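Per-entry structural report
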Amino acid sequence: MEQSEFDSLMRDVEEFCVELRPKEEIHYIEHTYNDELIPLCKKYNLLGIPIEKKYGGRGADSVTYAKALERIGKEGTGIRTFFSGHTSIGQVPIQMWGNEEQKKRYLIPSTRAEKILAFGLTEPEAGSNPLELKMTYEDKGDHFVLKGIKYLISNAGIADAIVTFAYPKGENGKMSAFIVDIDKEREAKGESLMRQDLTTKLGMPTTNTGMFELNDYPVPKDNILGNEGDGFKIAMTTLMSGRLSVAAGCVGVIEDCLDEVVRYSKQRNQHGKPIAKHQLVQEHIAIIKTELDASRLLVYEAARLKDLYNLNPSDQRVRSAADNMIAEAKFYASNAAWNAADRAVQVFGGRGYSYLFRPGRHLQDVRVCRIYEGTDEIMKLKIAASVLGREYEAYR
Ligand SMILES: Cc1cc2nc3c(=O)[nH]c(=O)nc-3n(C[C@H](O)[C@H](O)[C@H](O)COP(=O)(O)OP(=O)(O)OC[C@H]3O[C@@H](n4cnc5c(N)ncnc54)[C@H](O)[C@@H]3O)c2cc1C
């Protein structure tokens, strides 16, 4: 990306974040969905940061996109999760695997906020092992029908189209990926489509997570993504993009926790001096700062390898180097962000134990980063296998 385009993107991201913050704060405290987020994303042209310019995106490479998500992550994990759902795991698989007609049909409107996207892999019986999913598709000649349930899907309740994974019905076939349009008329009539929001989340109250059920839901033949049977490959490649987005957002969370702790500890006095002068408070600051730098370096290296993979998609050695480094970045940064939020709450004392202040909100929100897009445990198994060799992969 040209320096001037990078500068202009980061300026837009900064202005977006500044304008969003007071609105997000009110929605968070009231625990209401932030309906001002998407219009603001549109205003600053941020709904397709890594999407090619010819489809309306900003054409950012992975390192640039990670830097943008890092800044956005400071505003909260819920906000960054919206971007991950819409772009990193919604638009990116269409950009990577879609044909020209699909890119025009989905990428262009999704960069203009006319279509919101999501990624539906997880099911009630298939989380850490997506190979166990139960959703099926059936070829009906001129169209497919899909049947099954997807749950815990970011943006599901606000999506216009969802990249969805299913097995062929009644056969021992391979998983395929489909772009499923949400037909709101059918939904209103309760015909073969039902959606429900998840309203009991521990955090991220301002953005949407939901489930959807398809019951012989028609999907045009044109909406298969890649070739029939490519589903698992598409899902795994998409998760590289998703995990990197989580890790980048976590760097932002850590940075925000550090900013808050520095500001608060200098102004809060106890025992006759600012708490920043107490050595044990400084310990929190030292650890947050070190883990911020370590997380950021891992994320940038992972993003650099992802860019290399994007340039050489058939090079399996590059793919696996990127995949493993992304797993390390996601595992490390999400734990460091959880730790930073916990330390920030501690430095804020009693005020920390409240979602009126930023540390408490980060603590509630960022916990999910150790779960979605591959849990801590799955990341650790993946990292260990990258050292031991594939024959030691513990989840096989
Ligand atoms: C807010 C939110 C948003 C989400 N957004 C999306 C989305 O947009 N799209 C989507 O498809 N999914 C999404 N998810 C789902 C998420 O990716 C899954 O929850 C996650 O992959 C874990 O699956 P699970 O919940 O079924 O847990 P399980 O797989 O049942 O795991 C439960 C526990 O067992 C451990 N475990 C499982 N297998 C092993 C093993 N082999 N070895 C060691 N430990 C193991 C896990 O690490 C975990 O600790 C979202 C989840 C949440 C909470």
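These numbers come from a predicted model, not from an experiment. (Residues numbered from 1 in each chain as written. Predicted model: local features only at pLDDT ≥ 70, side-chain atom pairs only at ≥ 80, totals over all residues. Heavy atoms only, no water.)

On to the packing of helix α9 (residues 316-348) against helix α11 (residues 376-388), then. At a closest axis distance of 9 Å, the pairing of α9 and α11 adopts a crossing angle of 140°. It follows that α9 is oblique to α11 by the angle criterion. Crossing geometry of α9 relative to α11 is assigned as left-handed. Contacts from D323, N324, A327, E328, K330, F331, S334 and N335 in α9 reach D376, M379, K380, K382, I383 and S386 in α11. Looking at the contact of α9 with α11 residue by residue, the classes come out as four nonpolar, four polar and six charged. (Axes fitted to C-alpha atoms, helices over the stretch in contact; angles between N-to-C directions. Helix = DSSP H or I, 4+ residues; strand = E, 2+ residues; numbered from the N terminus. Parallel < 35°, antiparallel > 145°, perpendicular 65-115°, else oblique. Left-handed = near helix turned anticlockwise from the far one by under 90°. Contact = heavy atoms within 4.5 Å. Nonpolar A, V, L, I, M, F, W, Y, C, P; charged D, E, K, R; others polar.)

Moving on to the domain arrangement of the protein chain. Along its sequence, the protein chain is carved into domain 1 (3-115), domain 2 (119-225) and domain 3 (231-392). Averaged C-alpha coordinates put domain 1 and domain 2 at centres separated by 23 Å. Tallying the contact residues gives 27 residues for domain 1 and 19 residues for domain 2. For domain 1, the biggest contributors to the area lost against domain 2 are Y33, Q102 and Y106; these three give 26% of the whole. Put simply, domain 1 and domain 2 have zero salt bridges between them. Counting the contacts that link domain 1 with domain 2 gives nine residue pairs in polar contact (both at pLDDT 80 or more). Among the elements that take part in the side of domain 1 that touches domain 2, helix α4 (residues 77-97) stands out by supplying twelve residues, more than any other. (Domains from an automatic or database assignment. Buried area = accessible area lost by both parts, 1.4 Å probe. Salt bridge = Lys/Arg side-chain N within 4 Å of Asp/Glu carboxyl O. Polar contact = N/O pair within 3.5 Å; in protein donor to acceptor, adjacent residues only side chain to side chain.)

Right, let's talk about the side chain of N208 for a bit. Locating N208 in the fold gives a position in the loop between β6 (193-197) and β7 (209-220). N208 sits in the buried class, given a relative accessible area of 10%. From its side chain, N208 meets the backbone nitrogen of A156 in a polar contact 3.3 Å long. At 3.0 Å, the side chain of N208 forms a polar contact with the side chain of D197. Excluding anything up to four places from it in sequence, N208 contacts Y33, I153, S154, N155, A156, G157, I158, D197 and K201. (Buried < 20%, exposed > 50% of the residue type's maximum accessible area, 1.4 Å probe, protein only.)

With that settled, the discussion passes to the pattern of salt bridges. Pairing between side chains becomes possible if they bear opposite charge and their charged atoms approach one another. This model, assessed by the stated rule, comprises 32 salt bridges. Measuring nitrogen to oxygen at the nearest pair gives 3.1 Å for the salt bridge that ties R361 to E25. Here E25 lies in helix α1 (residues 3-30) and R361 lies in helix α10 (residues 358-366), a separation of 336 residues in the sequence.

The next point concerns α1. With 28 residues, α1 extends 40 Å from end C-alpha to end C-alpha; this agrees with the ideal 40 Å at 1.5 Å per step. In the structure, α1 departs most strongly from a straight axis at R21, where the bend amounts to approximately 40° and where the proline P22 lies between one and four residues downstream. All buried positions along α1 are accounted for by L9, V13, F16, C17, L20, E24, H27 and Y28. Those residues of α1 that are buried are in contact with α2 (37-43), α3 (62-74), α4 and α10. (Expected span 1.5 Å × (residues − 1). Bend = angle between axes of the 7 residues up to and from the residue.)

Okay, the site of the ligand next. Near the ligand, the surroundings consist of 20 residues, among which T122, S128, L152, T375 and E377 are the closest. At a separation of 2.7 Å, a nitrogen atom of the ligand approaches a polar side-chain atom of T122. Between a nitrogen atom of the ligand and a main-chain N or O atom of L152, the distance comes to 2.8 Å. Bound to the protein, the ligand loses 68% of the 980 Å² it would expose on its own. Breaking the shell around the ligand down by element, the ones donating at least two residues are β3 (143-154) and α11. Split into classes, the residues belonging to the shell around the ligand amount to twelve nonpolar, six polar and two charged. (Near = heavy atom within 4 Å. Areas by Shrake-Rupley, 256 points an atom, 1.4 Å probe, with all protein chains shown as cover.)

Let us now look at a nonpolar patch on the surface. On the surface, I29, Y355, L356 and F357 cluster together to form a nonpolar patch covering roughly 330 Å² of accessible area. With respect to the secondary-structure elements, L356 resides in the loop between α9 and α10. For L356, a relative accessible area of 49% gives the class partly exposed. (Patch = residues over 30% accessible without salt bridge, like charges linked within 9 Å, V, L, I, M, F, W, Y side chains within 5 Å.)

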